[in-house]
Structure formats: structure tokens, C-alpha cells
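# Observations on the three-dimensional arrangement
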Amino acid sequence: MIRFILSDLRRLWAGSLVVVLLVALATALGVSVVLQERALRLGSARAADKFDLVIGAGGSETQLVLSSVFLQPSPLPLMPGEVLGKLAADPRVDWAAPIGFGDSFSGYPIVGTTTMLAQNLSGGLAEGKIFAREGEAVIGSAVKLPLGGEIKPMHGSLEEGGETHTELVYHIAGRLRPTGTTWDRAILVPIQAVWHIHGMEAEEHAENGAEALHDHEHEEASADHGHGHHGKADPDAALDESWTAEAPGLPAILVKPKTIADAYKLRQDYRSGNTVAVFPGEVLTNLYATLGDAKQILVAVASGAQALVAASLVLVTVIHIGQRRRQIGALRAFGAPRGAIFGIVWLEFFFLVAIGIALGFALGYAAALILSGMLSQTSGVAMPVGFAREDAGLAAVLLAFATILAALPAVLAYRQSPAQALRA
């Protein structure tokens, strides 16, 4: 029987190939949706795990996390610099790292921060050293720039018509180890250099500093470039990371609490007044709910495509059985029992659909790999693509459906009488 089936499939190779490809493409669509959604969840969750607590000014919690953790460009409201001084002196805080952004170079975001964050972000350096002067920078593992290279900060981006700062040129002092996060594409510079470039002197009161940076960002983003609050920076100036209440305004502070209990207490303390404190994981959970709705829609679309393919296959097989009536009649005339006819037709169709499902899983996996690679290249977030236990359930459902689908043409062949078939 197996030899007969293989011989039959070779003779009808064109039609067999069409059936396999139809099933493979429909399966690949559903598999790629599932794998890509899972990769996005895992990648974003691992990126957020680097940061325990994020504190910012009152506003959108989602935008705060997207801007500070995933470095998505967006103007954030500034909180008073005295918040940084309070956190630095809080015994519940292991370290607090202010961040400032808005500048870029060659498509890479420039983030003003501290040596503490640069040392703890990736667990050390792959090469070079941590910045120790205002004119030094540390780059992420995915930044394609050499050590010792020059970085000329630009406000905004080149596509937006940003203006290059002339107050300071950074020199690359070190490179971080890979983190699998957006920070792999970031350029880290001293926060005090960012303050000086934007005319926010340390001795200014926090509110004045906040207004200075806020005005600078909006004025430089307007059509009337060059009228922002520029300052002076000394590339050889030593770093002073002793934070006081006189620190300039900040869009966000990344906080490492000493214990889990301290994290919850700090979150509660800074969720009132003019600040908001969030756990990035909680914010991502809300985003996942939205992604879940989008996933359901995409899965419904994929299921609809698979249903259309199934209907098409039923139509094709019914026509195919009609064209093979003489062959089936000859087999019956030579003594082949009805059960053998049923088995031949069922095995042929099930074999084609099973091959299509297996090929569909492979194509869906490849498509998810390609898409995740593209997203990782642009975002910097590593998105692991892989199968899970529930995917075996999906394969089992599809094979069960193939079993039922293959039975339809087999039943039609089973019910044909040899006399009618030979007269056809």
C-alpha cells in the first residue's frame, strides 16, 4: 500500500505540491504570530528586569517606562532636582541614577547618567574604562564606534533637523558588555555634562534648572533653532556625583532599592505629589493586555485563512476524487476491499497535510526569526524566538483537524461502486 501511495503522489506531484504549500502558508501565518508575540513579551520583560524602580514627574507611567527603560524618544515633564538629593540620602536606596536624554549621534541616543549606572548596567565593561571626565563617554555593545572616537552630540535627530552642539565633543573611553536591551545601542555620558551643555548649572535651583532644559528642548525643536539655553562644558572637568537639593530638574531617575520591601515603600512614598514611581514590570503587564487583544485579532485572521485553505482543499479533493473514479473502480474490480481504498485515499491526503503542517511550523519559525532580528536591530532589545509546550498542543490540534479533513475524500472513495466508476 505504501509503495502504491508513493507512486501515486509522484504521478500527481503538481497537485500534491499545491496542497502542501497551501497548508504550509496557512500554518506559517498562525505560528509566526504566536512566536513573534511571545518573543516580544520575553524580550521586553528581560529588558525591564534590569531596572527595579523608575521615578519621574507626574504623567503617563507607560511613557515614563518607554522613555527611560526602552529609550523611546519623547519629551517627559521634569521633576525637581531635590528628588535626586533625597533618594541619594535615603538609607533604603542602594543607588539612584539620574538620566537625561534628548541628544543623539549617528542614530544612537545619548543618555546622560552616572558612573554607578554605567558600572551596573551590564556587569562591567567589555573594553576600556568608565567615563571619569565630562568629555568622556561609554558606549553600548551594539554601538559601531571605535574606542577613542569622537561624538558630537546633536539635539534630537538628523531626520528631525536637529542642531549639533558645539559646546562639547565626547571621546569614547569604554564599551559595555551586551545586555540584550535597548541600552546596547546607547551612548552613556556624564549627566553633569548634559546639564552644562543645556545651560543648567549645578548651583541653580532645581525649578530653574527644570525650566531651562524644558525651554531648551522646546526652542531647539522649533523652527527657530539656535535660541535655546546653551551652556559651557569643560571636557577635562572631574565628575561630581554628590547629589544635593540644588540639582537641576530631571525627566527620570532609575533606583536600585536595597530590599524588595524597600522597593514597595519607595514606590508608595514617591507616588504622591509631583512624582510618580513605577515598577517597569507592572507597566509592561498593562501593555501585554493590549498586545493580547492584538494577538487575538491576528490569531483570528490566521484562523480565518486556515479555514479558507481547508475549504479550498475540500473542494480540490472532491474534484480530485471525481477525476480518479476510473482508477478507484479498477482497484475495486481487481479485488481491493473498500477498507483498502479508504486507507489509500486517507493516507495520501493526511500525508500531504501533515507535511504541509511541518513545513508551516518551519516557515513560521523562520519568519519570526527574521522579524525579531529586524526589530532587535532597530530597538536593541533581544527577542528570543522559540517553541514552548503549548505549541505542541497547536500541532496536535492541526493534525487532528487534518485527520478529519482527510476522512472526507476517503469516505467519498469508499462509497463509490466499481461498476459506476468503470462506466464513468
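Provided above is the structure to which this section pertains.
Presented here is a report on the structure given in the accompanying data block.

Rules behind the numbers
Residues numbered from 1 in each chain as written. Predicted model: local features only at pLDDT ≥ 70, side-chain atom pairs only at ≥ 80, totals over all residues. Heavy atoms only, no water. Core = buried A, V, L, I, M, F, W, Y, C linked by side-chain atoms within 4.5 Å. Buried < 20%, exposed > 50% of the residue type's maximum accessible area, 1.4 Å probe, protein only. Helix = DSSP H or I, 4+ residues; strand = E, 2+ residues; numbered from the N terminus. Contact = heavy atoms within 4.5 Å. Salt bridge = Lys/Arg side-chain N within 4 Å of Asp/Glu carboxyl O.

## As for the nonpolar core
The biggest cluster of nonpolar side chains holds 32 residues, and the ones touching the most others in it are L117, W183 and L188. Listing elements by their share of this core, those giving two or more residues are α2 (13-48), α3 (61-68), β2 (93-105), α5 (115-121), β11 (252-257), β12 (275-278) and α9 (280-323). With sequence-adjacent residues up to four places away left out, L188 is seen in contact with V111, T113, A118, L121, F131, A137, V138, L176 and W183.

## A short note on the side chain of E136
Along the chain, E136 falls in strand β5 (residues 136-139). A residue is classified by how much of its surface remains accessible, and E136, at 7% relative accessible area, is buried. Sequence-distant contacts of E136, that is, excluding residues within four places in its chain, are made with K129, I130, F131, Y170, H171, A173, V189 and P190.

## Section: the environment of V33
Relative to the elements of secondary structure, V33 occurs in helix α2. C-alpha separation for the pair V33 and A302, spaced 269 residues apart in sequence, amounts to 8.3 Å.

## Points about the pattern of salt bridges
Applying the stated criterion across every chain, the model contains 12 salt bridges. Two residues, R271 and E61, come together in a salt bridge whose shortest N-O distance is 2.9 Å. Pair noted here: R271 is in the loop between α8 (260-269) and β12 and E61 is in helix α3, with a separation of 210 residues, a long-range link. Judged by relative accessible area, which is 26%, E61 ranks as partly exposed. Here the salt bridges do not stand alone but share partners, grouping K129, R133, E136 and D236 into one network.

Everything listed here is a matter of geometry and, on its own, says nothing about what the molecule does.
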